[in-house]
Amino acid sequence: MANNLKKSDIKEIVEAKLSRYFGCSPKEASRDQMYKAVAMTIKDILTEKRGDFKQEVNAKGGKRVYYMCIEFLLGRSLKTNLCNLGLNETYKSALKDFGFDLEDLYECESDAGLGNGGLGRLAACFMDSLSSLDYPATGFSICYEYCLFKQMIVDGMQVELPDIWLPGGEVWLVPRTDRIYHVKMGGHVKENWKDGHLEILYEDCEEIEAVPYDMMISGADSKAVSQLRLWKSRNIHNFNMGLFTQGQYTRAMEESTNAELISKVLYPSDNHIEGKLLRLSQQYFMVSASCQSIIRDHMAVYGTLDNLADKVAIHINDTHPALCIPELMRILIDDYFFDWDKAWDTVVKICAYTNHTVMPEALETWNEDLFRLKLPRIHMIIKEINERFCRDAWQAFPGNWNRISKMSIIGYGQVRMANLCVVGSHSTNGVSKLHSEILTKSIFKDFYAMYPERFCNVTNGIAHRRWLCYSNPQLAKLLDDTIGTGYRHNPEELREFAKFADDQTVLNEVRRIKHENKIAFSNHLYKKTGRAIDTHSLYDVHIKRLHEYKRQLLNVLNIIGLYLDIKDHPDADFQPQTFLFGAKAAPGYYMAKNIIKLIYCLGKEIENDPQVREKLAVVFLEDYNVSLAEALIPAAEISEQISLAGKEASGTGCMKLMINGAMTIGTLDGANVEMLAAAGKDNMYIFGLTSAEVDDIWLRGYNCAEYYANNERLKRIINALNIGFAGQSFSEIANYLLSGPGIADPYMCLADFESYHMTRGKAIEDYQDKEKWNRMSLMNIASAGYFAADRSINDYAKQIWNLERMIKDPSAPVNKKRTRKS
């Protein structure tokens, strides 16, 4: 349908939507009404494509992958869907006839920020590639009423406001009230033998309805449309009319409100028992409804579960969906009367797990008493899984109780989700080569000794069409004109761009496009905030979730040094630089919020200093989200990837910045290691300790005061923290770096400072040589193809899921390379 749509067809279907849903004509329609009408027409196209693709998969008996993740950071859908369908220009022309600008309609859509950062954005990129590569796929998550939060900065302090996305976002959702499932929590469980089978009886449990809302995820020039199924919680008994009639209005609403809390907010604070219970409820609610949906759909096609492992792959993205392992066991044993061994064999063959953190403190655990209280049947199943696993571990490591206790799923009053994932999955992977190596040598080394065949690596990737082709159309056109359009579907063809590294015309174009993007971002920022930034300054970009290990603080320490340099020598030559930070801190993360305040106050002090502001600017981008990233990343010139080596699992922002021609300043951490191998040491700025050196320093004893005492520049910078900026002292951060509380400078900002400062100085020196910088930028673009999500998804499909593409007709036309016009 999409390929055959003409402008007249589009005008007709848009007019029909406006008439039916809003009772108006295009001439009478508001911008919001027109946006929703257009979105509905796109949703209809995608729904029809999804139905056709599903029929083909069913007819061929194709295996499906189900991707479970507690968050999907989707951003906006209209632009991506139009571009993927190849309809953006046709719609643009049709809307122009109605007196509307398509670019203005894009701004009507709220970001679907159903995620916190890299984890959710990765899941969204993967869904895009699954569709684009014609793999049969469904994603599962929760239909949160409120996204993470809307960030407001008030006098430097982060304030969290509700992020309401559904008024604009619900237009993309298809309610499936024919596919409601029931989820049981709490109460008591009784076992009863009946007709030769174990019957499980639930008493005094809370039963909640899981109502699915489907979002269609388009692919670029593909047959496939993936489905993201989001679950909304609802009280099964609806509304207590009796209590309401008696005037007990609050109590009448209480049951409904408690049930609906589950899908209210992403990542509720869990620094209290109620928050922990809610998070646990969210995770079980998601996996129970999802597993029931998977089983129902499989039975509808095949009528048996004997081939379940041949036709279904479930991917556990981080530990939040780990409970799908015992939940599948529950369904197979309690509802379909599988014996334990057959059920367990099926579950292990189906499930695969991706780990996203190397920090033990970030691996999820639950208090066993709380877990038993909320999920009594699941606790029984996990207890049995644990006992059987410990017996197997005893065979592998006889007499080594210490080792086995560390590997156990239940131990010391805790239920360990990561251990459950490894034990209950046939595959565990890290998300970069370094990360996967660290997993097998530290966190999961005992599991690796027991199950070496279960571990592998799949390096993360990004949706390169969204982050390059759609976000940076001028660069995409240059690539089209030089190497052809093949890279849009085969991103590793970007390497052909390296042939133009000495072509002065192309290098000038790379520079011109970057400057145009800087102007576009500057205009965007001014329109949104009233803040003007110098487009001739170097744009240094640090966009990550605010966490100590990501070391925004190290960047700020260096900026303070630059500020002091300018104050000391106001007439010295200095490359103008604009530092752009985008980050949200978890609501209860005090140190992260204090670092945000430091960035803000330092920026204010510089802005109010006539001597400094012409050469230096620090901008904290309030409420950073996907849409802002799409404007910022094409304009970035330096990409800050400066986490302490050994702490970042992979990162994907680094890849988005690289493919848009930004130069990376980074440690040998996460994906930086592979990016360095791809681009070469002459095209990146690597500094600091390696992960092995970090480990060695901790073993010997880290003395941060030594770095302070022996580096006059660093000493002066930390002293400046005590004095403060914009009337605010940051002595608490100075003390954190020198004396704790706890371990002083736990992420070694002081140890890496000098190396960072010198390396960044080399980057500024190279920036003066425009030809060299442009060539390095070109080489980064040419080296970024490997870091596309298409490659990652193909790796998962081959190595882990055993999944085949529903290949297009081989006689279909293929894009051919074009030579650059002289």
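All values reported here derive from a predicted model rather than from experimental measurement.

A. Summary view of the sheet that holds strand E16 (residues 410-411). Here we have three strands laid out as an open sheet, ordered E15-E17-E16, and antiparallel in their pairing. The two strands at the open ends of the sheet, each matched to only one other strand, are strand E15 (365-367) and E16. The sheet contact formed by E15 and strand E17 (residues 414-416) spans three bridges and is antiparallel. The residue bridging Trp 366 from the neighbouring strand is Val 415, located in E17.

B. Expanded view of the environment of Trp 172. When you line up the elements, Trp 172 lands in the loop between helix H7 (166-169) and strand E7 (173-175). Trp 172 sits 336 residues away from Asn 508 along the chain, and the two C-alpha atoms are 41 Å apart. Excluding its chain neighbours within four sequence positions, the residues that come into contact with Trp 172 are Tyr 35, Ala 39, Ile 42, Lys 43, Ser 77, Leu 78, Asn 81, Glu 109, Asp 214 and Met 215. Polar contacts involving the side chain of Trp 172 include one to the side chain of Glu 109, which spans 3.1 Å.

C. Region of interest: a nonpolar patch on the surface. On the surface, Met 152, Val 154, Val 159 and Leu 161 cluster together to form a nonpolar patch covering roughly 270 Å² of accessible area. Looking at the nonpolar patch, the elements with two or more residues in it are strand E5 (150-154) and strand E6 (157-161). Looking at the secondary structure, you find Val 159 in strand E6. A residue is classified by how much of its surface remains accessible, and Val 159, at 32% relative accessible area, is partly exposed.

D. Highlighting the sheet that holds strand E22 (residues 616-620). Pairing is parallel in the open sheet, where six strands are placed in the order E22-E21-E20-E23-E24-E25. At either margin of the open sheet sits one strand with a lone partner, and together these are E22 and strand E25 (685-686). In terms of strand pairing, strand E23 (residues 638-641) meets strand E24 (residues 663-666) through four bridges, oriented parallel. Considered in E24, the bridge of Glu 640 is made with Ile 665.

E. Region of the structure containing the pairing of strand E18 (residues 427-430). The alternating pattern of E18 places Ser 427 and Asn 429 on one face and Thr 428 and Gly 430 on the opposite face, and all of these are buried. Sheet topology note: the E18/strand E19 (residues 455-457) ladder contains three bridges and is parallel. Bridge pairing in E19 places Asn 429 opposite Cys 456.

F. Main features of the confidence of the model for the chain. The predicted model of the chain has a mean per-residue pLDDT of 94, with 96% of residues at 70 or higher. Note on residues 809-822: pLDDT is under 50 here. Beyond four places in sequence and across chains, it has 22 contacts.

About the cut-offs
- Residues numbered from 1 in each chain as written.
- Predicted model: local features only at pLDDT ≥ 70, side-chain atom pairs only at ≥ 80, totals over all residues.
- Heavy atoms only, no water.
- Pairing = 2+ DSSP bridges.
- Helix = DSSP H or I, 4+ residues; strand = E, 2+ residues; numbered from the N terminus.
- Contact = heavy atoms within 4.5 Å.
- Polar contact = N/O pair within 3.5 Å; in protein donor to acceptor, adjacent residues only side chain to side chain.
- Patch = residues over 30% accessible without salt bridge, like charges linked within 9 Å, V, L, I, M, F, W, Y side chains within 5 Å.
- Areas by Shrake-Rupley, 256 points an atom, 1.4 Å probe, with all protein chains shown as cover.
- Salt bridge = Lys/Arg side-chain N within 4 Å of Asp/Glu carboxyl O.
- Buried < 20%, exposed > 50% of the residue type's maximum accessible area, 1.4 Å probe, protein only.
- pLDDT = per-residue confidence, 0-100.

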